[in-house]
Amino acid sequence: MSVLFTSISPDNPVKKEDAQLLLNNFGLSVDRDEADDFHTLLAAVHDCAEDVAKLPDYQPVPDLSRYPRQNIRRPSPEEQVFGQAWAHKFLIKGNADGGPLAGKTVSLKDCIAVAGVPQLLGSDVIPSWTPITDATVVTRLLDAGADILGTSTCENFCHSTGSYTSAQGIVENPLAPGYSAGGSTSGGAALVAGGLVDITIGGDQGGSIRVPASLCGCVGLKPTHGLVPFTGISSGDAVNDHAGPLARNVQDIALCLDAISGYDGIDDRSLGSPKHGSTAFAQTLRAEPTRLDGFKIALLKEGFEHSTIDPAVRDCVSTAARRFKELGAVVEEVSLPEHLQGPAIWTIQQRIAGSMNLLGHAHGRRGLYLTEMERARLPWTNEGYQRAFPATKNVIINGLYLSSRFPDLYCKTMNIGRRLRDLYEAIFEKYDVVIMPTTPVVAPRHGKRGLPLESVKPSMGLTINTAIFDVTGQPAMSIPVGFAPAKDNADVQLPVGMQIVGGLWQESKVLRAGHAWETHFNWKKDFYNGCLN
């Protein structure tokens, strides 16, 4: 389709040599005979862009009269908790008429848009930017009666499963200062586990809900891809963007999921999700028996036997999972060797797509685009790049390299990812859920910013069992099931997470298994140092 034009504006800045300059990086050239025409066409598209840039944006308008923002502020040192868990504090009172979340307090990962609240993204590469709209999950939480108390710290551009990378400061594990709270939903997990909010909404592109839930001893659910609209949340890559809740118990997870799930008419990730308000996850949990007679549970051999799994973590999760038998469930071991391909498939897909996103080249999806954020972060400058955390620099370098040297590899990861999904779906035809450790170890000591390898090493390997389900899109939840000793100090006991995975759109089974386990067993008292008391 050609750009329509009648004449080029007299102040058009496009020069004749610009077309060639654009092609130089690709080793391409403009034919001399075609140069004038391409100059005219490029000038025309510039004028077209100027016209579009002058049009008003189209973003959902939040109801600020019904849900006013009160006392927005960066927290003072006296208000901060667990290091730097809060990004901004404020109060938005939920629906005055009540709702299923009435009386619940919530924090939001600092990549979720709240109109009028500056967003930091855990970074100082760009100045904070202020959204003019609310994310869909924000509106739905307020409509359901929840009170939102603030935004919680996320890791630097959401690129770490540690809790030491945010430019705003370290987030401490609420059970043991000096140890990681996990990431990238670090602040929210600490606030939930520390009892300061009931629920946090996080984002998960490789484990960023489940890893901090595991390390902090709370419950974290990554729903089926698209069940919760990602509208108004900063994207990593649309194919593995997931939003979901963290809480201290499964019942609150189910209540929140009912409130925030369902297509919103904007986000095409959610086109296949049920109508908003039609789910009954919480009601079903209340109605079902907490026994699991006839329920079939698979323990994934590869998820337990990976070389990086701490034996104490493996034994704790294995012991906890086998107690499902006491509730009437069938518990059997299954093997899926392809599970071990997950980290590599995720890494290639995320590096290529993640770099394109960071460079402003993400495209092809229908939804809400946060234009204020794009203006704030683009184009990159060398000064900004040098301030970036090494993990972010690495995504850009890796993605550009892979795109140039392996031009078909992103496509191949998408195809293989679909195969992994289908292999898991075949297991879910025989079993209700699959279980494995969430993270291979308990919370490690904080890392520190230094040379790239030194900076990223402390959080490497934490997603060996989580990232694959961002690729496949299947729901996965971490629940705390006991304690194991810290790697560097046997006297420090830290939470162990058990990951419960279900088939696509089978959140009810995942929730039922987690709810049954936490109803009958006490992870804080019954399981210690990998053993049943």
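Under the annotation held in an unreviewed UniProt entry, the chain carries the name Amidase domain-containing protein and is attributed to Aspergillus thermomutatus.

On to the overall build of the chain, then. The helix and strand tally for the chain stands at 17 helices and 16 strands. In terms of C-alpha radius of gyration, the chain reaches 24 Å, essentially the compact-globule figure of 24 Å for 533 residues. Residues classed as buried in the chain amount to 55% of the 533 residues present. The contacts of the chain with a sequence gap of at least 6 include a subset with a gap of at least 24, amounting to 77%. Surface summary for the chain: the accessible area is close to 22,600 Å², and the carbon and sulfur share equals 54%. Seen as two clouds, the 48 positive and the 57 negative side-chain charges of the chain have centres 5 Å apart.

We now examine the packing of aromatic side chains. This structure, assessed with the given rule, holds eight aromatic pairs. Each ring, one from Trp-380 and one from Tyr-385, has its centre 6.3 Å from the other, and the planes form 70 degrees; the classification is edge-to-face. In this structure an aromatic cluster arises from ring pairing among Phe-157, Trp-380 and Tyr-385. Positioned above the aromatic ring of Tyr-431, the side-chain terminus of Lys-296 is 5.1 Å from the ring centre. A cation sits over an aromatic face here: Lys-393 above Tyr-385, 5.7 Å from the ring centre.

Attention shifts here to the side chain of Ser-478. Its location among the elements puts Ser-478 in strand 13 (residues 476-486). Polar side-chain contacts of Ser-478 include one of 2.9 Å to the side chain of Thr-438. If sequence neighbours within four positions are ignored, Ser-478 has contacts with Arg-210, Ala-213, Ser-214, Cys-218, Val-219, Gly-220, Thr-438, Gly-497, Met-498 and Gln-499.

What follows concerns helix 14 (residues 409-428). In a regular helix each residue adds 1.5 Å, so 20 residues correspond to 28 Å; helix 14 covers 28 Å between its end C-alpha atoms and thus fits that length. Considered for burial, the residues of helix 14 that qualify are Leu-409, Thr-413, Gly-417, Leu-420, Tyr-424, Ile-427 and Phe-428. The arc that holds every buried residue of helix 14, seen down its axis, measures 105 degrees, which confines them to one face. Each element contacted by the buried residues of helix 14 is listed here: strand 10 (296-300), helix 10 (342-358), helix 13 (390-405), strand 12 (433-437), helix 16 (467-472) and strand 14 (489-501).

Interface size is commonly expressed as the accessible surface area that is lost when the partners come together. Domain annotation of the chain identifies domain 1 (1-55) and domain 2 (69-529). Relative placement of domain 1 and domain 2: their C-alpha centres are 43 Å apart.

Moving on, we get to the pairing of strand 6 (residues 176-180). Within strand 6, four of the five residues are buried, leaving the element largely enclosed by the surrounding structure. Bridge count for strand 5 (residues 172-173) against strand 6 is two bridges, and the pairing is antiparallel. Within strand 6, the position partnered with Asn-173 by the bridge is Ala-176. Hairpin geometry of strand 5 and strand 6 is characterised by an intervening segment of two residues between the two adjacent antiparallel strands.

About the cut-offs
Residues numbered from 1 in each chain as written. Predicted model: local features only at pLDDT ≥ 70, side-chain atom pairs only at ≥ 80, totals over all residues. Heavy atoms only, no water. Helix = DSSP H or I, 4+ residues; strand = E, 2+ residues; numbered from the N terminus. Rg over C-alpha atoms; globule rule 2.2 N^0.38 Å. Buried < 20%, exposed > 50% of the residue type's maximum accessible area, 1.4 Å probe, protein only. Contact = heavy atoms within 4.5 Å. Areas by Shrake-Rupley, 256 points an atom, 1.4 Å probe, with all protein chains shown as cover. Lys, Arg positive; Asp, Glu negative; His and termini not counted. Charge placed at Lys NZ, Arg CZ, Asp CG, Glu CD. Phe/Tyr/Trp six-rings, centres within 6.5 Å; stacked < 30°, edge-to-face > 60°. Lys NZ or Arg CZ within 6 Å of the ring centre and 35° of its normal. Polar contact = N/O pair within 3.5 Å; in protein donor to acceptor, adjacent residues only side chain to side chain. Expected span 1.5 Å × (residues − 1). Arc of directions from axis to C-beta. Domains from an automatic or database assignment. Pairing = 2+ DSSP bridges.

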